[in-house]
Amino acid sequence: FMNPESTAIFSRNFEINWNGTGISYLLVCTSGCVLAILFTLLPYPRLVSQSVVAECNVTAATVCVVIEQVTEIYLGSSATSALHSKCEKAADGIAEKLKELESRTELMWWEGFDIGRLGSRRHLLVRFVALLKKLMDIVHGLEHAARVEEPVEGGLLKELTPEIQQLIASMSATLVGSGGIVDFMSDGDLANHQVDTLLRRAEQLRREVHAISRHYTGLRVEGGHPTLSIFLLEEDYFVYNMSALAHAVREFAMTVQKPAERDLQKEMESTLLDLVDPTATRGNLNFVFRAYVAYMVAFFAGVYLFGYDFLLPATIALVLSKFTGSALERNLGRMQGVVLGLVLPVIVLTQLPTCGGGAGTWAFLLLIFLFIGLCLYIYFSATDRYAFIGMLTAAFAAQSFFQPCDGDGRIVGASLHFFRVVVTITAIFLIAVIDLSLTSERPSEAFQFHTAESLRLAKKALTRFYDGREMGKLLVSTVALEVERAQDMAVQASHEPRFWRTPFPSRMVQPVLSEIEDLCADLRILHRASHVYKSEHAGHPDIDALLRPVRKEPVWKECVSDMLTQFDAVSTLLARVLAHESSSANEHLLNYQHNMQANDRIEDLVDAITPLLKYAPELDVLDDPRARIGVAIFIINSVHNRLDFVVEAVMRY
């Protein structure tokens, strides 16, 4: 419409011209969008919530199986490295499935717009996925603590085997049994007798956990271990976390029918601010600046170089991407899709008679069906890395196939197709040059930042806890968020153009991030240990009162100092390696030494604080100060081990 010599018809003076070019494009796009939605409802409406509920059911059942397998390791019945490896693979698979379910529940808001029954179901699904993540955090901690280097005798836990197995069966029945939590999500409501059944199961979980706690306490006293023992830290840790598992399931079962209090206005305002605030996420301002420069350059090039043509800025709008890593690779894939979609139909139409009616028309329809069908098959069956190429090929091929007939053949505008290919290549080249020139940081640099930030915040949380201060749920959540961002950036960085730089260490990054992610699970267990519950759902913090008797011991300060010193050493080493400073990294790696006295100090710590602690058999194990301090000591050793695993991953690289 800016071209003064254009003969196209447009609406003017706020009067709609239904024959105008803009209105025609609007009607075609709107019709296509409506048809796309209608075809997804055939042969019947397939709601995302239905498939998510089914997958939640399967995932919850798998979580229960993994809990049983980890329990077998602790009880000594099947303590083999093969079973431990099987548990690890299953846990990793569940973690990936939970990330997928979390993403799908966040995107299914449009089915009910978060109102009515469908809105309530979505929020319940979000809570249930969060419950499964909480359970897997605890399972990860148990899995890491299990000893598989030597056969596990089971110790005191052997006598608790029937009660532990009954507790696991009760958790499974509450989660996925008939009339359980998953049934409630499937139906959206439960009858009164089903609610009573669910509440009875929750109460049964409480009684079984309390019975296990009292029985285990009695066995320890009878065995000559009235307080902490370095030989029973793993058993203490197991009983505490089994109680935490049951408590999480019980809490969810008791509150499953209570709708969470929601402020819809506040949620909408927060969502709107996240959408329009350029500073909400790191790198947004730089992305806005790069996009503005690229689009304006394409706009003026389209006006002055291509004769008021809109294809170049439109293509720029299509290929915009926030990061330069996978953006370049994805844009190259887009170029493949555009070129194939424009060129292949030209070749086919020039060789086959598709006009003249009769056989020509049927050949034309069959050709479109086979070609578009093949492209859509590629879209639905290929990986995310290549699927979009099939969709782009189908979209551009549809435009190329529908050409007017001239006798027995169709008029193929070869020059128009060539122009579109040239514009696509120009747009990709332009966006690549601007991204590489104006980007504030590469994906690998963003990965380094988020990894360093996650370690810094994790150390801050550990320091708070062992100093007797409240960790804060927000701080623990921020650590996990930084790890997720680091994982996203690692995927981007693995595809970024490296040029003269050394390749991105993807093989090293994955085990390192896995250990940091498990460290986040340790932090969440510590956060639970910093609260006393007394049958309450949320509990309240009492970390200062809990650690006040033991913080005065010099060996406590030495153990905490050992952990934080190793934390700093590993963080520095990892930062050097990720920055690709090979000489400095090698030097730091050679100079790194594990503090061999750390384990001895932990034993000294247990001996020093044992006289200060007493059993409270009347309390649940979640509220027992001795059990909670035992968890805190066990986590110190766990952090040492995780940091050693990080160093091993760096050394293997």
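The notes below deal with the structure included here. What you are looking at is a predicted structure, and each value in this text was computed from that prediction instead of being measured. (Residues numbered from 1 in each chain as written. Predicted model: local features only at pLDDT ≥ 70, side-chain atom pairs only at ≥ 80, totals over all residues. Heavy atoms only, no water.)

**Here we look at the overall build of the protein chain**
Phase 1 of the analysis: If you tally the helices and strands in the protein chain, you get 23 helices and 4 strands.
Phase 2 of the analysis: Residue burial in the protein chain is summarised as follows: out of 653 residues, 44% are buried.
Phase 3 of the analysis: Pairs at least 24 residues apart make up 78% of the contacts formed inside the protein chain by residues separated by at least 6 positions.
Phase 4 of the analysis: By element, 61% of the accessible surface of the protein chain is carried by carbon and sulfur atoms, the whole surface being about 33,500 Å². (Helix = DSSP H or I, 4+ residues; strand = E, 2+ residues; numbered from the N terminus. Buried < 20%, exposed > 50% of the residue type's maximum accessible area, 1.4 Å probe, protein only. Contact = heavy atoms within 4.5 Å. Areas by Shrake-Rupley, 256 points an atom, 1.4 Å probe, with all protein chains shown as cover.)

**Notes on the side chain of glutamate 208**
Phase 1 of the analysis: Along the polypeptide, glutamate 208 turns up in helix H7 (residues 192-222).
Phase 2 of the analysis: Arginine 207 is the oppositely charged side chain nearest to the buried, salt-bridge-free glutamate 208, at an N-O distance of 6.9 Å.
Phase 3 of the analysis: Within polar-contact distance, the side chain of glutamate 208 engages the side chain of glutamine 204 at 2.9 Å.
Phase 4 of the analysis: In this view, glutamate 208 contacts Gln166, Leu167 and Ser170; residues no more than four positions away in its chain are not counted. (Lys, Arg positive; Asp, Glu negative; His and termini not counted. Salt bridge = Lys/Arg side-chain N within 4 Å of Asp/Glu carboxyl O. Polar contact = N/O pair within 3.5 Å; in protein donor to acceptor, adjacent residues only side chain to side chain.)

**Looking at a negative patch on the surface**
Phase 1 of the analysis: A cluster of like negative charges, contributed by Asp600, Glu603, Asp604 and Asp607, occupies part of the molecular surface.
Phase 2 of the analysis: Mapped onto the fold, glutamate 603 is located in helix H22 (residues 597-609). (Patch = residues over 30% accessible without salt bridge, like charges linked within 9 Å, V, L, I, M, F, W, Y side chains within 5 Å. Charge placed at Lys NZ, Arg CZ, Asp CG, Glu CD.)

**With respect to the pattern of salt bridges**
Phase 1 of the analysis: In the structure shown here, the tally under the stated rule is 19 salt bridges.
Phase 2 of the analysis: Of the charged contacts in the structure, one is a salt bridge between aspartate 467 and arginine 469, with a shortest N-O distance of 3.7 Å.
Phase 3 of the analysis: Close ionic contact of arginine 628 with aspartate 542 constitutes a salt bridge, the shortest N to O distance being 2.4 Å. Here the residue arginine 628 occupies a position in helix H23 (residues 625-652), and aspartate 542 occupies one in the loop between strand S4 (540-541) and helix H19 (543-551), the gap between them amounting to 86 residues.
Phase 4 of the analysis: Classification of arginine 628 by relative accessible area gives buried; the value is 1%.
Phase 5 of the analysis: A cluster of three or more residues bridged by salt bridges with shared partners is formed by Glu55, Lys97, Glu100 and Arg104.

**Looking at the state of the cysteines**
Phase 1 of the analysis: For the coordinates displayed, the defined rule picks out 0 disulfides.
Phase 2 of the analysis: Cysteine 29 provides the cysteine sulfur closest to cysteine 33, a residue in no disulfide bond, and the two sulfurs are 6.6 Å apart. (Disulfide = S-S within 2.5 Å.)

**A closer look at a nonpolar patch on the surface**
Phase 1 of the analysis: A surface patch of nonpolar side chains, about 670 Å² in accessible area, is lined by Val34, Leu35, Ile37, Leu38, Phe39, Leu41 and Leu42.
Phase 2 of the analysis: By the secondary structure assignment, leucine 38 is in helix H1 (residues 21-40).

**Some details on the environment of aspartate 623**
Phase 1 of the analysis: Summarising the element assignment, aspartate 623 is placed in the loop between H22 and H23.
Phase 2 of the analysis: It is 6.3 Å that separates the C-alpha atoms of aspartate 623 and tyrosine 533, two residues lying 90 residues apart in sequence.

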